[in-house]
Amino acid sequence: VRAEDSEDVRESELRDGDVMGIVTAEMVKSIASEIYDYKLTDDSARSIARGAGALLTGASRLGDVLDLREIEPPFGFANLEAEAARLRRSVK
Amino acid sequence: MAHENDMLALDVAALSARLRAKEMSPVEVTEAYLGRIDALDSKLRAYITVTADVARSAAKAAEGEIQAGRWRGPMHGVPVALKDLVYTRGIRTTGGSKILADFVPTHDATVWSRLANAGAVLLGKLNLHEFAYGITSTNPHWGTVRNPYDPERIPGGSSGGSAAAIVGRMAAATIGTDTGGSIRIPAALCGCVGLKATYGRVNRYGVVPLAYTLDHVGPITRTVRDAAMVLNVIAGQDPNDSTSSEKPVPDFTAALGKDLKGIRVGVIRELNDGLSDEVAKSFQTALAQLSALGATVETVSIPSLAASSIVTAVITWAEALEVHEQWMRTRAHEYGADVRRLLEMGMAVPATSYVRAQRGRARILADALGALESRDVLVAPTSAIPAPKIGESSVLGEGGAGVDVVQSILRFTSPFDATGQPALAVPTGLSPGGLPLSMQIIGRPFDETTVLRVGDAYERARGQLPAPKI
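**Student:** With reference to specific residues and values, describe empty space enclosed by the protein.
**Tutor:** One water molecule sets the probe size; rolling that probe over the atoms shows where empty space is left. Residue and element names in this part refer to chain B. What the rule picks out here adds up to three cavities of 30 Å³ or more. Lining the largest cavity are L85, A132, T177, T179, V207, V208, P209, L210 and D215. Residue classes in the lining of the largest cavity are distributed as six nonpolar, two polar and one charged.

This is the structure in structure tokens:
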């Protein structure tokens, strides 16, 4: 059972999603620096926060908008196995 | 010897027939194209690299083989060009970037090796939006690609050079790639045909990636028949690409030339609003022509399409950053400002959003397949607006309101990168201002045959588009 399959938890996920969607310039600067060793100016960080914030707010609501209950991501073992087989062939 | 303009005026189907019949020579045709590139490319900036020596050598070889009765097939001796993110062994492949300005691959992309084995002649490598990450083809490193119908306007992108070269008669057929619309958008804005086949139908081995799970490779051509002919050569499984499909490859030209009796067409309601007046009028005329050809045309609703621009943006931001992460750490200053900003945006995408967006694709495809249960194809405009001016970020839309250029275009194309369905952009005519307009035809996965059949029937009914006055 996934969290979103429960109506109660789904509501809390939406609330969490809305919070997650608020991206601040400080957060962006921090992620860029800590994870990617990448320096952003304050202006760039503000601009990215605005653009990314709007998109991620939308993304956080996809579970509700598209009703993602019981939908698996399309990664799949078949793809994994095919890629491994290709790697084996290239080794030989 | 055939007149140069006569040779350049021929589409692949007609040119191929003349070459096979030895009425034209691959060497003459190649020289005509090289002359055209020499005369025109300083205006359109469609090419990054012109491979004149390679082309002359291949044309000579093709001529010898055809003269000796060893005709390889419909692409034998046909001059083509590749978007410059398709690997070519021994030939610079820049990705439209400064970062790869001196990159010379040691192997060919499969799409090119298949065309080369079919006897195609490589004229060169085509300009694009840097790393295929954008829809304008305004390239800070290799020059701004211009629209052949109005050089002050964008050709669309990211395969802008591929479309400009076709409409400018600087190649008989070209190859582009499509992650959010990058084959169909330039085809639409420049007035030619662009085919994004089903994800996996055309292999991606040796093509610089933008977003692994959304990238498609396909032809940009003058006619639907030409697109089918090129697809015949490049489609099919490739052991070097585990995402390429094992499904059998039919002859995509087999269903061409028919009418549309019995074909059921669904007009996507969610993509039939917010259109500029000229696009709306042209699209309605195209629908009437489909009806006149015998198709049943009715409106269909796919509400989940509204979420697809979020889905494709999240996936593209995340996957593109993964591709470029090392260069962003060490060579960020070498990117153009717009591409660097998009890559920076990717840093803010959490893993949860990425996985959720991937899961969303199944819902959108399921809904699109539902719409196709009792219909053969879906149709929509390829773009809400004709080509905007270079540098223009918003234009006047429906009712005179300002609309964002990027959203006015990507909203129509990106859903079918998310679903992976085949989608064909076909011109529907010119606006009163002389700019190309376009319709896209979308089909069931791996049913390119029906998509091409509908596009071909419509194209023949529509008639020839007036050529640009370059």
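Don't stop here, the text continues.
**Student:** So what about the interface of chain B and chain A? Which residues, and what values?
**Tutor:** With 36 residues of chain B at the interface, the matching set in chain A holds 36 residues. Summing the contributions of chain B and of chain A, the shared interface buries around 3100 Å²; its carbon and sulfur component is 68%. When the area that chain B buries against chain A is broken down by residue, the three leading residues are M347, R356 and R359 of chain B, summing to 25%. Here chain B is connected to chain A by zero salt bridges. Here chain B and chain A share 11 residue pairs in polar contact (both at pLDDT 80 or more) between them. With 12 residues, the single largest contributor to the side of chain B that touches chain A is helix α12 (residues 351-371) of chain B.

**Student:** I'd like to hear about the packing of helix α10 (residues 308-330) of chain B against helix α11 (residues 337-346) of chain B, residue by residue, with values.
**Tutor:** Residue and element names in this part refer to chain B. For the pair α10 and α11, interaxial distance at closest approach is 8 Å and the crossing angle is 110 degrees. Taken together, the axes of α10 and α11 lie roughly perpendicular to each other. Along the contact surface, α10 presents W317, A320, L321, H324 and M328, while α11 presents R340, L342, L343, E344, M345 and G346. For the contact of α10 with α11, a count of residues per class yields seven nonpolar, two polar and two charged.

**Student:** Run through the pattern of salt bridges, naming residues and quoting values.
**Tutor:** Residues and elements named next belong to chain B. Taken as a whole, this structure holds 20 salt bridges over all chains when the rule is applied. With a shortest N-O distance of 3.0 Å, D150 and R153 are connected by a salt bridge. You can call R153 buried: its relative accessible area is 18%. One salt bridge connects R184 with D417, and the closest N-O pair in it is separated by 2.8 Å. In this pair, R184 sits in helix α7 (residues 184-190) while D417 sits in helix α14 (residues 415-419), placing the two residues 233 residues apart along the sequence.

**Student:** Before we move on, could you go through the sheet that holds strand β9 (residues 264-268) of chain B and cite the residues and values that matter?
**Tutor:** All names here are of chain B. With respect to topology, 11 strands assemble into an open sheet ordered β1-β3-β2-β6-β8-β7-β14-β15-β11-β9-β10, the strand pairing being mixed. For this open sheet the edge positions go to β1 (47-50) and β10 (296-300), each flanked by a neighbour on one side alone. Between one strand and the next, the sheet's axes are offset by a mean angle of 30 degrees, whatever the strand orientation. Bridge count between β9 and strand β11 (residues 377-381): three bridges; the pairing is parallel. Within the sheet, the bridge partner assigned to V265 lies in β11 and is V377. Sitting on the sheet, helix α3 (residues 26-44) touches β1, β2 (79-83) and β3 (121-126), and the angle it makes with β3 is about 20 degrees. Helix α4 (residues 52-67) contacts β1 and β3 of the sheet and is inclined by roughly 160 degrees relative to β3.

**Student:** I'd like to hear about helix α2 (residues 25-36) of chain A, residue by residue, with values.
**Tutor:** Residue and element names in this part refer to chain A. Compared with the 16 Å implied by 1.5 Å per residue over 12 residues, the 16 Å span of α2 between its first and last C-alpha is a close match. Turning to α2, its buried residues number three or more, namely A25, V28, A32 and Y36. Buried positions in α2, seen along its axis, are confined to an arc of 65 degrees and lie on one side of it. Exposed residues on α2 whose side chains face more than 90 degrees from its buried face are E26 and E34.

Rules and cut-offs
Residues numbered from 1 in each chain as written. Chains lettered and ligands numbered in written order. Predicted model: local features only at pLDDT ≥ 70, side-chain atom pairs only at ≥ 80, totals over all residues. Heavy atoms only, no water. 1 Å grid on protein atoms, 1.4 Å probe; cavity = no way out; pocket = protein on both sides within 12 Å on 5 of 7 lines; lining within 4 Å. Points joined across faces, edges and corners; volume = space filled by probe spheres on them. Nonpolar A, V, L, I, M, F, W, Y, C, P; charged D, E, K, R; others polar. Contact = heavy atoms within 4.5 Å. Buried area = accessible area lost by both parts, 1.4 Å probe. Salt bridge = Lys/Arg side-chain N within 4 Å of Asp/Glu carboxyl O. Polar contact = N/O pair within 3.5 Å; in protein donor to acceptor, adjacent residues only side chain to side chain. Helix = DSSP H or I, 4+ residues; strand = E, 2+ residues; numbered from the N terminus. Axes fitted to C-alpha atoms, helices over the stretch in contact; angles between N-to-C directions. Parallel < 35°, antiparallel > 145°, perpendicular 65-115°, else oblique. Buried < 20%, exposed > 50% of the residue type's maximum accessible area, 1.4 Å probe, protein only. Pairing = 2+ DSSP bridges. Expected span 1.5 Å × (residues − 1). Arc of directions from axis to C-beta.

So yeah, pure geometry; function would need other evidence.
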